[in-house]
Amino acid sequence: MEYADDLSSEALAVIIFDIIRVHQLRITCCLHAYGMLSNGEQANDLRSRRKFSRLQRIPAQVRRLTRLVGLTDKSCIDNLRMDRNCFGRLCVILRERGGLDDGRFVKVEEQVAIFLCVLAHHKKNRVVGFDFWRSGQTVSHYVHVVLKAVIMLHELFLAKPLPVDDQCQDWRWKWFPGCLGALDGTYINVLVGSEDKPRYRTRKGQVATNTLAVCTRDMRFVYVLAGWEGSAGDARVLRDAVTRTRGIKVPKGQYYLCDNGYANSDGFLTPYKGVRYHLKEWGPAAVVPQDSREMFNMRHTKARNVIERAFAVVKMRWGILRSASYYPIRTQIRLILCCFLLHNFIRGEMMVDPIEQELDGDYEALNIGAEGDEPTYVDTIEPTPAWNNKRSELAETMWLNGNVHPP
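A few points on the structure. This one's a predicted model, so the numbers in the text were calculated from it and none came from an experiment.

Some remarks on the overall build of the protein chain
Within the protein chain, the secondary structure is distributed over 14 helices and five strands. The proportion of buried residues among the 407 residues of the protein chain is 43%. Excluding contacts between residues fewer than 6 apart, the proportion of contacts in the protein chain whose partners are at least 24 apart in sequence is 69%. Split by element, the accessible area of the protein chain, about 22,500 Å² in all, is 54% carbon and sulfur.

Structure below.
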């Protein structure tokens, strides 16, 4: 009886061993079949990659760039926000003075076109890489390369203001002798870390940077200060710009037009408070000015509106300014500055700005002269009685000259 039990135990062990061997054989066959399948897929991947080799992609890349800058001005403006002549001059300047060089496979023209597409349409690197038949890494590399070159040439792209003189015939500006232009701030959305969002949150709840800009009468920017948190007040940003070593320079006796977010101080002329001011309050159906203060405010807002138009044109031109980008905050600020600089270049090179045509009104272009001797600059933004008296004198002069309106 005990022998039979031992025999049955041995037979059971043999059966179990046979089952294990069968399973091992099946697993080995499955792994072998999977290996063959994987090798086949790798071979298919290699064959598909060969179809898009670098040599075979070059004709498609050339055709893409030719369609952008080699066919019509309309295509170039729609995609790069400038015509073909302006694009060619920008490439020459960046090559000769900005330090851009032709890469092994990417020429300067394509580098600049990639960068402008990112700014104009706020496309992601992978989307731009697909359009230009380039990798996302290549797009990211040349975006930073061209950005650095444009920032290096900021002194070349920034405008030089000319004060209003006695011979000025522009009905908006002839009432403000010595005026250099207009000044204001604008909010541009940015992307920051969670710990920094409270500092960058504006009074309207947006996460943005408070960007100060100064422009001439022809909507070209003289000075741009970006990077201040959205929670910072306009007066605080202006104080920082005035006190910086390379900040905004306002010669004594000259000034910029500002709104009531700033103090009426030497070099910065603001409207009267508590008096009608905004353009919508001076429409065709509005009551004519009743005193010198209202007259001053009406003409002040019509002249200062140039900075609002300039902001509108810049944001319409560059899509990257209309929504937050996914670059580090330092790079976002540099991209903002670059947009303002390229706006100046376009307005200086193109006879007609197609973006401005979408807005009502027209402004005559002015010739920007060279700087003369070094004058004495304003170094404070505190309100002064003398500047209040100057504003009152201007208001009285306007009122005494009558309600003269353009035809």
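Quick notes on the sheet that holds strand β2 (residues 208-215)
Reading across the sheet, the five strands line up as β3-β2-β1-β4-β5 and stay open at both edges, with mixed pairing between neighbours. Sheet topology places β3 (221-229) and β5 (268-269) at the edges, where each strand pairs with a single neighbour. Along the sheet face, helix α10 (residues 234-243) touches β1 (179-189), β2, β3 and β5 and points at about 120 degrees away from the line of β3.

Some thoughts on the side chain of T270
Looking at the element boundaries, T270 is found in the loop between β5 and α11 (292-317). With relative accessibility at 2%, the residue T270 sits in the buried group. Residues contacting T270, with those up to four places away along its chain left out, are C258, D259, N260, Y262, A263, N264, F296, H300 and R391.

Focus: the pattern of salt bridges
Two side chains carrying opposite charge are able to pair once their charged atoms lie near each other. Across all of its chains, the model carries 18 salt bridges by this definition. Between D196 and R199 there is a salt bridge, with the nearest N and O atoms lying 3.0 Å from each other. The exposure class assigned to D196 is partly exposed, which follows from its relative accessible area of 24%. The class for R199 is partly exposed, based on a relative accessible area of 36%. Connected through shared salt-bridge partners, R309, R317, R347, D353 and E356 make up one network.

With respect to the packing of aromatic side chains
Tallied over the full model, the rule gives five aromatic pairs. Both rings, one in F157 and one in F345, keep their centres 5.6 Å apart while their planes meet at 70 degrees; by these two values the pair is edge-to-face. Of the two residues, F157 sits in helix α8 (residues 154-157) while F345 sits in helix α12 (residues 329-349), which places them 188 residues apart along the sequence. On the basis of relative accessibility, which here comes to 3%, the residue F157 falls in the buried class. Ring centres of F221 and F311 lie 6.2 Å apart, and the angle between their planes is 25 degrees; on these two criteria the pair is classed as stacked. One end of the pair, F221, is in strand β3; the other, F311, is in helix α11, and 90 residues separate them in sequence. Accessibility assignment for this pair places F221 and F311 in one class, buried. Site record: aromatic cluster; members linked through ring pairs are F176, Y272 and F296.

Thresholds, definitions, all that
Residues numbered from 1 in each chain as written. Predicted model: local features only at pLDDT ≥ 70, side-chain atom pairs only at ≥ 80, totals over all residues. Heavy atoms only, no water. Helix = DSSP H or I, 4+ residues; strand = E, 2+ residues; numbered from the N terminus. Buried < 20%, exposed > 50% of the residue type's maximum accessible area, 1.4 Å probe, protein only. Contact = heavy atoms within 4.5 Å. Areas by Shrake-Rupley, 256 points an atom, 1.4 Å probe, with all protein chains shown as cover. Pairing = 2+ DSSP bridges. Axes fitted to C-alpha atoms, helices over the stretch in contact; angles between N-to-C directions. Salt bridge = Lys/Arg side-chain N within 4 Å of Asp/Glu carboxyl O. Phe/Tyr/Trp six-rings, centres within 6.5 Å; stacked < 30°, edge-to-face > 60°.

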